[in-house]
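Notes for the structure review
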Amino acid sequence: MTLYLYGIIDSSDQIKESLYGLEGAGVYNVSFCDIGAVVSETSQPIQNVTEVAILEHETVIEKLMANFVVLPARFQTIIDGRDNLRSIMQSCYKDFKENLARVRNRLEFGIKVIWPADKVKENIIQTLKEGRPWLAEPDCSANKKFIRGKLETYQIDEKFKKKANKFIDAMDIFFSKFAAEKKLKRLKTENLLLDAVYLVEKDKESDFRDAFEHIKSAHEGFKFLFSGPWPPYNFVILPKKNDLLKESEKKDLFDKVIQHMEPAGAREIWQ
């Protein structure tokens, strides 16, 4: 019997609420000690990633979060039978317990910031030329032109990164006041200044949102994407010591489903 895994919860009790997951299959809890793996039965792997299937997966996790602490599994996580599932739970029990304790009463929020990269570079170039007139002057020597061009490119890139980090650090100070953990990706592209996720205590959600509004209002010409609350997809840590999982499975087991949900636009608003 093939099982579709939605997540690990902090309870061995059976789920009292009637839950239905992918393909309308009933959802139930496979217990191990004082934790459980929430699954439904499936006859075959999901062939196509559809918005309906993604939302069915996410709906189950959201309903579980109302009553349990949840370590959300990645969309399309398939386990070959109960015996394999119990073996995984036994092998990873300590890690599951530690993660459940870490994310208890916490929610994940995503923040993306797009900045006017072209204008930033234009200002940097103009400032460099005003400070060093020789950069704008023609030169007869091809070697000198080459060297000056390389130097100018290097200086522009360095100042661009420095300015980006200055903006990111200033924003992060406000967000970090209300976050227990964070993961930042800086300048994934020239325009995408910041791609970050923050793990926030439930009772600090309002403060975190206020910090976002403050940052947004203080940065004219920037675009902001605020998403969440999400289950803590990015903050579950599963060590690679478990031989019961293949390397690809270890990587995917608690990978975020958010990347698949973007077509649905759920809880994501560019501002």
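Residues numbered from 1 in each chain as written. Predicted model: local features only at pLDDT ≥ 70, side-chain atom pairs only at ≥ 80, totals over all residues. Heavy atoms only, no water.

Things to note about the overall build of the chain
Inclusion rule: Here a strand is any run of E in DSSP of at least two residues, a helix any run of H or I of at least four, and the numbering for each starts at the N terminus. Buried means the residue's accessible area, taken with a 1.4 Å probe over protein chains only, is under 20% of the maximum for its type, while exposed means over 50%, and partly exposed covers the values in between. Any two residues whose heavy atoms approach within 4.5 Å are treated as being in contact.
Assigned secondary structure in the chain consists of seven helices and ten strands. Counting across all 271 residues of the chain, residues that qualify as buried make up 42%. In the chain, the share of contacts with a sequence separation of at least 24, taken over all contacts with a separation of at least 6, comes to 75%.

Considering the pattern of salt bridges
Quick reminder of the rule: Here a salt bridge means any side-chain nitrogen of Lys or Arg lying within 4 Å of a carboxyl oxygen belonging to Asp or Glu.
Considering all chains together, one arrives at eleven salt bridges under this definition. One connected set of salt bridges, linked through shared partners, spans Lys121, Asp157 and Glu190.

A word on the packing of aromatic side chains
Just so we agree on the cut-off: The rule is short: rings of Phe, Tyr and Trp, with Trp giving its six-membered ring, pair when the centres are within 6.5 Å, and they are stacked under 30 degrees, edge-to-face over 60, tilted in between.
Across all of its chains, the model carries 14 aromatic pairs by this definition. Between Tyr198 and Phe208 the ring centres are 5.5 Å apart and the planes differ by 55°, which places this aromatic pair in the tilted class. Of this pair, Tyr198 sits in strand β8 (residues 192-201) while Phe208 sits in helix α5 (residues 205-217), placing them ten residues apart in sequence. Comparing Tyr198 with Phe208, the two get one shared label, buried.

Re the confidence of the model for the chain
Defined as follows: pLDDT measures the predictor's confidence residue by residue and takes values from 0 up to 100.
Per-residue confidence for the chain gives a mean pLDDT of 84, with 80% of residues at or over 70. Every residue in residues 241-251 is under pLDDT 50, and counting partners more than four places away or in other chains gives 15 contacts. A low-confidence stretch, residues 254-267 (pLDDT under 50), is modelled with 45 contacts involving residues beyond four sequence positions or located in other chains.

Here we look at α5
The test is simple: What a helix should span is 1.5 Å times the count of its residues minus one. In this description, the arc belongs to the directions extending from the helix axis to the C-beta atoms.
Over its 13 residues, α5 extends 19 Å from the first C-alpha to the last, a length consistent with the 18 Å expected when each residue adds 1.5 Å. Inspection of α5 places Phe208, Ala211, Phe212 and Ile215 among the buried residues, and these make up the whole buried set. Buried residues in α5, looked at end-on, bunch into an arc of 100°, giving them a common side.

Examining helix α1 (residues 51-65)
With 15 residues, α1 extends 21 Å from end C-alpha to end C-alpha; this agrees with the ideal 21 Å at 1.5 Å per step. By the burial criterion, the buried members of α1 are Ala53, Ile54, His57, Glu58, Val60, Ile61 and Leu64. Along the axis of α1, the buried residues cluster in a sector spanning 150°; they form a single face.

Here's the deal with the pairing of strand β2 (residues 27-32)
Put simply, side chains in a regular strand alternate between the two faces of the sheet. Basically, it comes down to this: We treat two strands as partners when DSSP finds at least two bridges between them.
Burial analysis of β2 places five of its six residues in the buried class, the great majority of the element. Judged from the six bridges that link them, β2 and strand β3 (residues 35-42) form a sheet pairing that is antiparallel. Bridged to Tyr28 within β3 is Val39. Linking two consecutive strands that pair antiparallel, namely β2 and β3, is a turn of two residues; a positive phi of about 50° is found at Cys33 within it.

Points about the environment of Ile35
Topologically, Ile35 is positioned in strand β3. Assessed through its relative accessible area of 0%, Ile35 is described here as buried. Taking the C-alpha atoms as reference, Ile35 lies 9.5 Å from Leu100; in sequence the two are 65 residues apart. The residues touching Ile35, leaving out its near neighbours within four places in the chain, are Ile8, Ile9, Asp10, Ser11, Ser12, Val30, Met89, Tyr93, Phe96, Lys97 and Leu100.

As for a positive patch on the surface
The condition that has to hold: To count toward a patch, a residue needs a relative accessible area over 30% and no salt bridge; like charges are then connected within 9 Å, while nonpolar side chains (Val, Leu, Ile, Met, Phe, Trp, Tyr) are connected within 5 Å. Accessible areas in this description were obtained via Shrake-Rupley with a 1.4 Å probe; residue shielding takes into account the shown protein chains only. A positive count includes Lys and Arg, and a negative count includes Asp and Glu. His and the chain ends are not counted in either. Positions of charges follow a simple convention, taking NZ of Lys, CZ of Arg, CG of Asp or CD of Glu.
Taken together, the side chains of Lys159, Lys162, Lys163 and Lys166 define a basic patch exposed on the protein surface. Relative to the assigned elements, Lys159 resides in helix α4 (residues 142-176). Given the relative accessible area of 42%, Lys159 is considered partly exposed.

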